[in-house]
Amino acid sequence: MASIDLNADLGEGFGAWRMGDDDAMLGLVTSANVACGFHAGDPDIMARCFALARERGVAVGAHVSFPDLAGFGRRRIPYSPAEVERLVAYQIGAAQALAGYCGHRLTHVKCHGALANIAESDADIAGAVARATRSVDRTLVLLAIARSAQVEAAEAAGLDVAREAFADRAYTEEGRLMPRGLPGAVIEDAERATERVLAMLEAQALIAESGARLPTPIDSICVHGDTPHAVAVTRRLRGALERAGFRLAPFAKIEG
């Protein structure tokens, strides 16, 4: 039986402000990428996510970003590769500390928002993320956008890499994520998202809006936890994957 990981970006509130339904999502996904305080999240929210993930057997990772609470990490900030390396290392350290505090273990690192978009094609920034990850803990897996510079950087750094495809984001002809401002870039319909994922897994390829198929291994499927339809999409997708014969499991071992 083939296995696949289902991941979501969680812990994206701050103080009394909440975004998304972390409780429901942690009952559906197999891996959670937890905001580390730079685009969202704080120690209380992080600890709650890590503790609940541990209770439910969900693997956890650091969801690293530019320090941009006001812009939710989606604004491009011109940091140098050296600066990116340090800000990523800082966030991984915070996530490791709070995961350990909750009796859980960090398994992976994933970029968020503008940092992820830049690292998708910029080899220098992708390399900075990979070096920071390796320097803090070389056992961490880099959860990378499939067919991106992130994959190449992880492999060059000697890190294990999991290739990620998105259930709720459209792709360009080049296999890049379609910019969020364009019509159709964010897929909110649960049935359409599910059909796309099943087709991509069958083909082992990203499927562009044009129908073009771009071959790649796929280790994990992401549903963004901050959208109004996240729980419905994830629930429908998980059920469809199980009916199709997939075993839902984290791409990284939770225990060391």
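Residues numbered from 1 in each chain as written. Predicted model: local features only at pLDDT ≥ 70, side-chain atom pairs only at ≥ 80, totals over all residues. Heavy atoms only, no water.

Peer 1: Summarise the packing of helix 5 (residues 123–136) against helix 6 (residues 149–156); cite the residues concerned and give the values.
Peer 2: Packed helices, taken two at a time, are described by the angle between their axes plus the distance between the axes. Where helix 5 contacts helix 6, the two axes come as close as 8 Å, and the packing angle between them is 45°. Comparing the axis directions of helix 5 and helix 6 gives the class oblique. By crossing handedness, the relation of helix 5 to helix 6 is classed as right-handed. Together, A123, A126, G127 and A130 of helix 5 and A149, Q150, A153 and A154 of helix 6 make up the contact between the two elements. Grouping the constituent residues of the contact of helix 5 with helix 6 by class yields six nonpolar, two polar and no charged. (Axes fitted to C-alpha atoms, helices over the stretch in contact; angles between N-to-C directions. Helix = DSSP H or I, 4+ residues; strand = E, 2+ residues; numbered from the N terminus. Parallel < 35°, antiparallel > 145°, perpendicular 65-115°, else oblique. Left-handed = near helix turned anticlockwise from the far one by under 90°. Contact = heavy atoms within 4.5 Å. Nonpolar A, V, L, I, M, F, W, Y, C, P; charged D, E, K, R; others polar.)

Peer 1: Tell me about the nonpolar core, and please be specific about residues and values.
Peer 2: Counting residues in each nonpolar core, the largest one holds 82 residues, and the members touching the most others are F50, V88, L115 and I221. Looking at this core element by element, the count peaks at seven residues for helix 3 (residues 81–101). Dropping the residues within four chain positions of it, V88 is found in contact with V64, L115, V129 and A132. (Core = buried A, V, L, I, M, F, W, Y, C linked by side-chain atoms within 4.5 Å. Buried < 20%, exposed > 50% of the residue type's maximum accessible area, 1.4 Å probe, protein only.)

Peer 1: Describe the side chain of E12, and please don't skip the residues or the numbers.
Peer 2: Here E12 shows up in the loop between strand 1 (3–10) and helix 1 (22–25). In this structure, E12 is buried with no salt-bridge partner, the nearest side chain bearing the opposite charge being R74 at 6.1 Å. Among the polar contacts listed, one links the side chain of E12 to the side chain of H39, at a separation of 3.1 Å. Apart from residues lying up to four places away in sequence, E12 is in contact with W17, M19, A35, H39, A40, H63, F72, H112 and D226. (Lys, Arg positive; Asp, Glu negative; His and termini not counted. Salt bridge = Lys/Arg side-chain N within 4 Å of Asp/Glu carboxyl O. Polar contact = N/O pair within 3.5 Å; in protein donor to acceptor, adjacent residues only side chain to side chain.)

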